[in-house]
Amino acid sequence: MQIFFSFKRSPTAVAVIAVCLLAVGGALVFSGASRAANEPKAAHAQRPALTVSTAQPQRTSMPIRLAANGSIAAWQEALIGAEANGLRLTEVRVNVGDVVKAGQVLATFSSDTVQAEVAQARAGLLEAQATAAEAAANADRARSLQATGALSQQQIQQFTTAEQTARARVEAARASLDAQHLRLRHTQVRSPDSGVISARSATVGAVVGSGTELFRMVRKGRLEWRAEVTSAELRRIKPGDKVMVTAASGATAEGTVRMVGPTVDPQTRNGLVYVDLPASAGAGSAAILAGMFARGEFALGQSDALTVPQEALVVRDGFSYVFVIGPDRRVQMRKVNTGRRVADRVEVLSGLEPGVSIAVNGAGFLNDGDLVRVATTPAAVSAVSPDGLIQKTPVARVVVASVAINSGAFE
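It should be emphasised that the depicted structure is a prediction, and the values quoted were computed from it without experimental measurement.

The rules behind these values
All residue numbers refer to positions counted from 1 along the written sequence of the respective chain. Local features in this predicted model are restricted to residues of pLDDT 70 or higher, and side-chain atom pairs are both shown and tallied only at a pLDDT of 80 or more, whereas totals for entire chains, interfaces and linings draw on every residue. Working from all heavy atoms in the structure, the side-chain values ignore hydrogens and water. The pairing criterion for strands is at least two bridges between them, as found by DSSP. In this description a helix means any DSSP run of H or I spanning at least four residues, a strand means any run of E spanning at least two, and both kinds are numbered starting from the N terminus. Multiply 1.5 Å by the residue count of a helix minus one, and that product is the helix's expected span. Whether a residue is buried, partly exposed or exposed follows from its accessible area with a 1.4 Å probe, protein chains only, as a fraction of its type maximum: under 20%, in between, or over 50%, in that order. Contact between two residues is taken to exist if any of their heavy atoms lie within 4.5 Å; hydrogens are not considered. For our purposes a nonpolar core is just a set of buried Ala, Val, Leu, Ile, Met, Phe, Trp, Tyr and Cys residues, chained together by side-chain atoms within 4.5 Å. Charged residues are defined narrowly, with Lys and Arg counted positive, Asp and Glu counted negative, and His plus the chain ends left uncounted. The salt bridge definition used is simple: a Lys or Arg side-chain nitrogen within 4 Å of an Asp or Glu carboxyl oxygen. Note on definitions: angles span 0 to 180 degrees between N-to-C directions of axes, and those axes are lines fitted to C-alpha atoms, for helices only across the stretch in contact. Roughly parallel here means an angle under 35 degrees, roughly antiparallel means over 145, roughly perpendicular means 65 to 115, and every remaining angle is called oblique. For any helix crossing, the convention is left-handed if the near helix is rotated counterclockwise from the far helix by under a right angle, and right-handed if that rotation is clockwise. Charged means Asp, Glu, Lys or Arg here, nonpolar means Ala, Val, Leu, Ile, Met, Phe, Trp, Tyr, Cys or Pro, and polar covers whatever is left, Gly included.

Draft legend 1. Just the sheet that holds strand β7 (residues 188–190), in detail. One open sheet holds the four strands; their spatial order is β7-β6-β4-β9, and the pairing between them is antiparallel. The sheet is open, and its two borders are formed by β7 and β9 (207–208), each paired with just one other strand. Pairing of strand β4 (residues 87–92) with strand β6 (residues 105–109), which is carried by three bridges, proceeds in the antiparallel orientation. In the strand pairing of β6, Leu89 is matched with Phe109.

Here you go:
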């Protein structure tokens, strides 16, 4: 009762105590709210969000290649025509795509008329030979009587001239007979070389003139790739260089440069490079045919290059970047220019120096300035050895502590 009475008699003290209690309560509430707001951030900053691997740029021997486009064409194309004139075609023995050998009969013409002319020429030769024998006998008798004076010198000369004329007629008849035999052989159209029939215009029953085209043939079945190369690059190509040719059908073949064209097209400023294709890629194969479009790469040697794993490259806004890990364990985004690609290695032309550590796996989820932690668990990335083989190189693991994706946090 005395305490109550005392408070009642001291209202100022009661007010002071109430204000103190309110201040202490507000401070406790504010401190709790601040601690509650900071605890999630600290927990988020310490939670590993992503595990990636790191690697260092490496000096690698990479092949130098020159890409070009062109067309597949026949090495040489032979035109096979009719040599007999005015004869009827009776048989055609081959068709487009057939593989033929040199001397093989491709078509035949009617030979009845020619055989009759051969018989007539043979009879003419026999007649000429008989006339020549009689003239030779007369000349011999005249020469035997020359010493007796029974015949004048003019008569003896006439017998001698008749003998020579008869011999000449024999030779003419023999030549006529040979011509008819040759015409008889021309009734059979034979292949001038081994190859593949690429076109046929011969029709049974047609009467054709001498020189009419009957067939076209790819000689030896050989094909070549005629690559169009800019005039600035022609000097880098030499006969004997190897070329990997890929046809429009997807078939591939390794060719060899036979010749670099001596001229450049004044319209396109491109020159032709003639590449021999192997016999397995001949016109008898449906994979690579004359007239196909093809692209290829010329092997021009090797050179050293600074390379990084392909997985370390991040493409953003049309440009290539890598993430370099600094001493403070924060990543820095570097813009790089890329070049050749072999297996999973990519050449870096500029923007990166040797000896730095770059993020590999998971680099696509990083942003410039992200804090990372290097782990001790080794991983392995592949590298290209000078002989073109894939080798494994141990690298370190990296744990990303803070990664932002779009507008939110990656958890």
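Draft legend 2. The arrangement of helix α4 (residues 153–185) in detail. For α4, built from 33 residues, the straight-helix expectation of 48 Å at 1.5 Å per residue is met to within 8% by its first-to-last C-alpha distance of 48 Å. If you check which residues of α4 are buried, you get Ile156, Thr160, Glu163, Ala166, Val170, Ala173, Leu177 and Gln180. Residues of α4 that are buried sit in contact with α3 (112–144).

Draft legend 3. The arrangement of the nonpolar core in detail. The biggest cluster of nonpolar side chains holds 30 residues, and the ones touching the most others in it are Phe109, Leu214 and Phe215. Looking at this core, the elements that each hand over two or more residues are β3 (77–81), β4, β6, α3, α4 and β10 (213–219). Broken down by element, this core gets its largest block of residues, seven residues, from α3. With sequence-adjacent residues up to four places away left out, Phe215 is seen in contact with Ala78, Leu79, Ile80, Val92, Val94, Leu106, Ala107, Ile197, Ala199, Arg200 and Ala202. Grouped together as the second largest cluster of nonpolar side chains are 25 residues, Leu66, Ala227, Ala253 and Met292 included.

Draft legend 4. Region of interest: the pairing of strand β18 (residues 331–342). By the bridge criterion, six bridges tie strand β17 (residues 319–325) to β18 in an arrangement that is antiparallel. Paired with Ser320 across the strands is Val336, a residue of β18. Linking β17 to β18, which pair antiparallel, is a turn of five residues; within it Arg329 sits at a positive phi near 65°. Where β18 and strand β19 (residues 345–350) come together, four bridges link them in antiparallel fashion. From the neighbouring strand, Thr338 faces β19, where its bridge partner is Val348. The antiparallel hairpin formed by β18 and β19 contains two residues in its connecting segment, where Ala343 sits at a positive phi of about 55°.

Draft legend 5. Region of the structure containing the side chain of Arg345. Relative to the helices and strands, Arg345 resides in strand β19. For the buried Arg345, no salt bridge is present, and the opposite-charge side chain at shortest range is Asp344, 5.4 Å distant.

Draft legend 6. Quick peek at the environment of Ala227. Residue placement: Ala227 occurs in strand β11 (residues 223–230). For the pair Ala227 and Ala67, spaced 160 residues apart in the sequence, the C-alpha separation amounts to 9.5 Å. Those residues within four positions of Ala227 in sequence are excluded, and the remaining contacts are Ala68, Asn69, Gly70, Gly271, Leu272, Val273 and Phe298.

Draft legend 7. Seen up close, unusual backbone geometry. Unlike most non-glycine residues, Asp317 shows phi in positive territory, near 55°. As for its position among the elements, Asp317 is in the loop between β16 (314–316) and β17.

Draft legend 8. The arrangement of the packing of α3 against α4 in detail. It is the contact of α3 with α4, at a shortest axis distance of 8 Å, that shows an interaxial angle of 165°. Comparing the axis directions of α3 and α4 gives the class roughly antiparallel. Taken as a pair, α3 and α4 cross one another with a handedness that is left-handed. Residue classes in the contact of α3 with α4 are distributed as 18 nonpolar, nine polar and eight charged.

Draft legend 9. Layout of the environment of Val245. Relative to the assigned elements, Val245 resides in strand β12 (residues 242–247). In this structure Val245 comes out as buried when scored by relative accessible area, which is 2%. Distance in space between the C-alpha atoms of Val245 and Gly70 is 9.7 Å, their sequence separation being 175 residues.

Draft legend 10. Geometry of the pairing of strand β13 (residues 252–264). With five bridges joining them, β12 and β13 adopt antiparallel strand pairing. Each residue of the ladder has a partner; that of Val243, found in β13, is Gly255. From the end of β12 to the start of β13, which pair antiparallel, there are four residues, and Gly250 there has a positive phi angle of about 95°. Strand direction decides the pairing type here: β13 and strand β14 (residues 270–276), joined by five bridges, are antiparallel. Pairing of Val260 across the sheet is with Val273, part of β14. Hairpin connection between β13 and β14: a loop of five residues separates the two successive antiparallel strands, and Arg269 in this loop has a positive phi of roughly 60°.

Draft legend 11. Focus on the pattern of salt bridges. With the rule as written, the count across this model stands at 18 salt bridges. Put simply, Arg65 and Glu297 hold a salt bridge, and the shortest N to O gap is 4.0 Å. Of this pair, Arg65 sits in strand β2 (residues 58–74) while Glu297 sits in strand β15 (residues 293–309); the two residues are 232 residues apart in sequence, bridging distant segments of the chain. A relative accessible area of 37% means that Glu297 is categorised as partly exposed. Between Lys220 and Asp193 there is a salt bridge, with the nearest N and O atoms lying 3.2 Å from each other. Residue Lys220 is located in the loop between β10 and β11, and its partner Asp193 is located in the loop between β7 and β8 (195–200); the two are separated by 27 residues in the primary sequence. Here the salt bridges share partners, and the residues they tie into one network are Arg222, Glu224, Arg226, Arg258 and Asp276.

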